[in-house]
Amino acid sequence: MLQEHGAGEGPVWHPELGLLTSGEGNINRRDLAGNMSVYRKGAGTNGLLFDRQGGLVVCDNVRRQITRILPDGTAKVLTDSYEGKKYNQPNDLTIDSKNRIYFTDPQYGDRSGMEMRDSDGRAIEGVYRIDPDGNVARILTHEVDRPNGLIVTPDDEFLYVADNNNALGGARKLWRFELNGDGTPNLPSQTLLYDWKTTRGPDGMKLDQRGRLYVAAGLNQPHLPQETADPPTAGIYVFSTAGKLIDFVAIPRDETTNCAFGGDAGKTLFVTAGGSLWSIPTAVAGYQIR
């Protein structure tokens, strides 16, 4: 374990800044020497990701928007609504080879303020894509119960989506979609890769340079009746390119929420869990947006 607090979510590595995490309402920084500081106070963020232009794209789940922060600290809201309705709680994001940004929009906790509804009044917890020209499209509506983490493969062939509904009987599944050239998922290709069943489901995820998927998921202490933990399941789940579970690394802290590759050689997997930060050495470097 590297630190006890400040690392609730959204880890992202920068070769000069070090590791940024979302925690305690701020974006926090752990520099290359291991010193901790507040990088952006009151940010209210969850998922974090640097784009190819050096901007920090963030899921501002408190303000219900996606924001891009430039190196000088100035910020631009990329989207704060869809079809005139405010988002729920933008959670995590990924960027494809064409610089299209994909993000999930679940709703955890109080649902009384949700504006996203379909024509039948059913709540929508969707997945969206922001194109480089600023156009926003909803690419998943009800295909996933409550989308959380997501990632696009470097060749834009697949989109992985974590389905993590923590309500009683909710889905706790890892899905894979084939991705069309226009950035929309091929819906008939939806494939179930893993089901956590009654424990806590999948959260954030990252890929290594060989295409293997690292997923943060699980619980050590149950949240009954909706989530079990017998046996304990919290940690990092590693899946092959074929979608098969090939390894598991237990993390002895609830809840295991997200992960990111970093370090000098890119062979350290940083893991956020219950506000604490952990590191796992890996044999293969992680995939980084270039």
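See the structure above.
Since this is a predicted model, take the numbers as computed values, not measurements.

### Thoughts on the layout of surface pockets
1) Next: Taken as a whole, the largest pocket spans an internal volume of roughly 650 Å³.
2) Next: Along the wall of the largest pocket there are 37 residues; nearest its centre are Trp13, Tyr287, Gln288, Ile289 and Arg290.
3) Next: Of all the secondary-structure elements, those providing two or more residues to the lining of the largest pocket are strand S2 (9-14), strand S6 (48-50), strand S12 (93-95), strand S16 (147-152), strand S20 (202-207) and strand S24 (256-262).
4) Next: Residue composition of the lining of the largest pocket, grouped by class: 21 nonpolar, ten polar and six charged.

### As for the packing of aromatic side chains
A ring pair, where both rings are aromatic, is described by two values, the distance of the centres and the angle of the planes.
1) Next: Inspection of every chain in the model, using the stated rule, returns twelve aromatic pairs.
2) Next: With 5.6 Å between their ring centres and 70° between their planes, Tyr194 and Phe239 make a pair best called edge-to-face. You can see Tyr194 sitting in strand S19 (residues 185-195) and its partner Phe239 sitting in strand S22 (residues 235-239), a full 45 residues away along the chain.
3) Next: Within the aromatic cluster, the residues linked to one another by ring pairs are Tyr194, Trp196, Tyr237, Phe239 and Phe248.
4) Next: In this structure, Arg146 is placed above the aromatic ring of Tyr108, and the distance from its NZ or CZ to the ring centre is 5.6 Å.
5) Next: One Lys or Arg, Arg176, reaches over the ring of Phe158 and ends 4.7 Å from the middle of that ring.

### Focus on the pairing of strand S9 (residues 75-79)
1) Next: One ladder, built from four bridges, connects strand S8 (residues 65-69) with S9; its direction is antiparallel. Considered in S9, the bridge of Thr67 is made with Val77.
2) Next: Linking S8 back to S9 in an antiparallel pair, the connection comprises five residues, with Gly73 at a positive phi of about 95°.

### With respect to the sheet that holds strand S1 (residues 3-7)
1) Next: In space, the four strands of this open sheet follow the order S1-S26-S25-S24, with antiparallel pairing throughout. At either margin of the open sheet sits one strand with a lone partner, and together these are S1 and S24. Neighbour-to-neighbour, the strand axes of the sheet open up by a mean angle of 40°, direction not taken into account.

### Quick word on the environment of Gly243
1) Next: Tracing the backbone through its elements, the reader meets Gly243 in the loop between S22 and strand S23 (245-250).
2) Next: Given a relative accessible area of 3%, Gly243 falls into the buried group.
3) Next: Residues Gly243 and Arg176, spaced 67 residues apart in sequence, show a C-alpha to C-alpha distance of 8.4 Å.
4) Next: The contacts of Gly243, once residues within four sequence positions are left out, are Arg176 and Leu193.

### A look at the sheet that holds strand S5 (residues 36-40)
1) Next: Pairing within the open sheet is antiparallel, and its four strands lie in the order S2-S3-S4-S5. Pairing within the sheet leaves two strands with one partner each, and these edge strands are S2 and S5. Taken pair by pair, the neighbouring strands of this sheet meet at an average axis angle of 30°, ignoring direction.
2) Next: Bridge analysis of strand S4 (residues 26-30) against S5 gives four bridges, and the strand direction is antiparallel. Note that in S5 the partner of Arg30 across the bridge is Met36.

Conventions and cut-offs
Residues numbered from 1 in each chain as written. Predicted model: local features only at pLDDT ≥ 70, side-chain atom pairs only at ≥ 80, totals over all residues. Heavy atoms only, no water. 1 Å grid on protein atoms, 1.4 Å probe; cavity = no way out; pocket = protein on both sides within 12 Å on 5 of 7 lines; lining within 4 Å. Points joined across faces, edges and corners; volume = space filled by probe spheres on them. Helix = DSSP H or I, 4+ residues; strand = E, 2+ residues; numbered from the N terminus. Nonpolar A, V, L, I, M, F, W, Y, C, P; charged D, E, K, R; others polar. Phe/Tyr/Trp six-rings, centres within 6.5 Å; stacked < 30°, edge-to-face > 60°. Lys NZ or Arg CZ within 6 Å of the ring centre and 35° of its normal. Pairing = 2+ DSSP bridges. Axes fitted to C-alpha atoms, helices over the stretch in contact; angles between N-to-C directions. Buried < 20%, exposed > 50% of the residue type's maximum accessible area, 1.4 Å probe, protein only. Contact = heavy atoms within 4.5 Å.

The quantities given are spatial measurements derived from coordinates; they are silent on function.
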